[in-house]
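Letter by letter, the chains look like this.
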Amino acid sequence: ERRAWDALLWFGSLIMMAFHSLMVVVERSLIQKGYGVIRLLIIGSNRGVQSFIATLKKNSSSYLPVAILDGYGTSQKEIEGVPVLGKLNILQETVEKQHIQAIAQGDNIEQVVNILHFCQQHHLDYFLLPYLLGMYQDNLRIQYVEKPLIAPDKRSHRNVWERLIT
């Protein structure tokens, strides 16, 4: 009888792992087809932002960087294939035209309060890249979202199924 329970436990565990692996594959394929992606606006145009975008793309993240704004302006027209649209003075317009769902801030530290307030008013997810504050991983509780390090505002990362339903 003990062996039957052990076999049942192992068999159940294998079935759960196989189901989980299958769901990860299905989720990735849906994201690659454009279902359940979160349209992301990035603030800043420095090397950290460039690395962040490259990591999102490399890991087929559900976060899709669609535009970049820089507080000071930049001569760059695009970063890692993402267009640089201008300065922060067109934030509202960009969010509306590009159908932005989340903002990741990687520069312009002096604008943190303003951008966070804007996100709260417009029900957008807000992410602050920790290197912007000069923080090291040992000093932070970090939430991993598709591998890049981000410090989230208050809302948790929703999976692709919840994004498809809502």
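Conventions and cut-offs
- Residues numbered from 1 in each chain as written.
- Predicted model: local features only at pLDDT ≥ 70, side-chain atom pairs only at ≥ 80, totals over all residues.
- Heavy atoms only, no water.
- pLDDT = per-residue confidence, 0-100.
- Contact = heavy atoms within 4.5 Å.
- Salt bridge = Lys/Arg side-chain N within 4 Å of Asp/Glu carboxyl O.
- Helix = DSSP H or I, 4+ residues; strand = E, 2+ residues; numbered from the N terminus.
- Buried < 20%, exposed > 50% of the residue type's maximum accessible area, 1.4 Å probe, protein only.
- Core = buried A, V, L, I, M, F, W, Y, C linked by side-chain atoms within 4.5 Å.
- Pairing = 2+ DSSP bridges.
- Right-handed = clockwise from strand over helix to strand, strands pointing away.

Draft legend 1. Structural context of the confidence of the model for the protein chain. Chain-level pLDDT for the protein chain is 79 on average; 80% of the residues reach the 70-or-more range. In the model, residues 146-157 has pLDDT below 50 throughout and makes 42 contacts with residues more than four positions away in sequence or in other chains.

Draft legend 2. Spatial organisation of the pattern of salt bridges. For the structure on display, the rule yields 2 salt bridges. Note that Asp 6 is salt-bridged to Arg 2, the shortest N-O span being 3.9 Å. Here Asp 6 and its partner Arg 2 are both found in helix H1 (residues 2-32), 4 residues apart, which amounts to about one turn of the helix. For Asp 6, a relative accessible area of 30% translates into the label partly exposed. A salt bridge links Lys 97 to Glu 93; the nearest nitrogen and oxygen atoms lie 3.1 Å apart.

Draft legend 3. Expanded view of unusual backbone geometry. Non-glycine residue His 99 carries a positive phi angle of around 55°. By the element assignment, His 99 lies in the loop between helix H3 (91-98) and strand S5 (102-105). A relative accessible area of 55% places His 99 in the exposed class. Phi is positive for His 123, close to 55°, though the residue is something other than glycine. Within the secondary structure layout, His 123 lies in the loop between helix H4 (112-121) and strand S6 (125-128).

Draft legend 4. Region of the structure containing the nonpolar core. In this structure, Leu 41, Ile 43, Leu 91, Val 95, Ile 103 and Ile 115 are the most contacted members of the largest nonpolar core, which totals 18 residues. Listing elements by their share of this core, those giving two or more residues are strand S1 (38-43), strand S2 (63-69), H3, H4 and S6. The element contributing the most residues to this core is H4, with 4 residues. Apart from residues lying up to four places away in sequence, Val 95 is in contact with Leu 41, Ile 100, Ile 103, Phe 118 and Leu 124. Listed in part, the 16 residues of the second largest apolar core include Tyr 63, Ile 79, Ala 104 and Phe 127.

Draft legend 5. Representation of the pairing of S1 in the model. Judged by how many residues are buried, S1 sits mostly within the fold: 5 of 6 residues are covered. The sheet contact formed by S1 and S2 spans 6 bridges and is parallel. In the strand pairing of S2, Leu 41 is matched with Ala 67. Crossover handedness for the path S1 to helix H2 (residues 47-58) to S2: right-handed. Taken together, the 4 bridges between S1 and S5 define a ladder with parallel strand orientation. Among the inter-strand pairings, Leu 40 is bridged to a residue of S5, identified as Ala 102.

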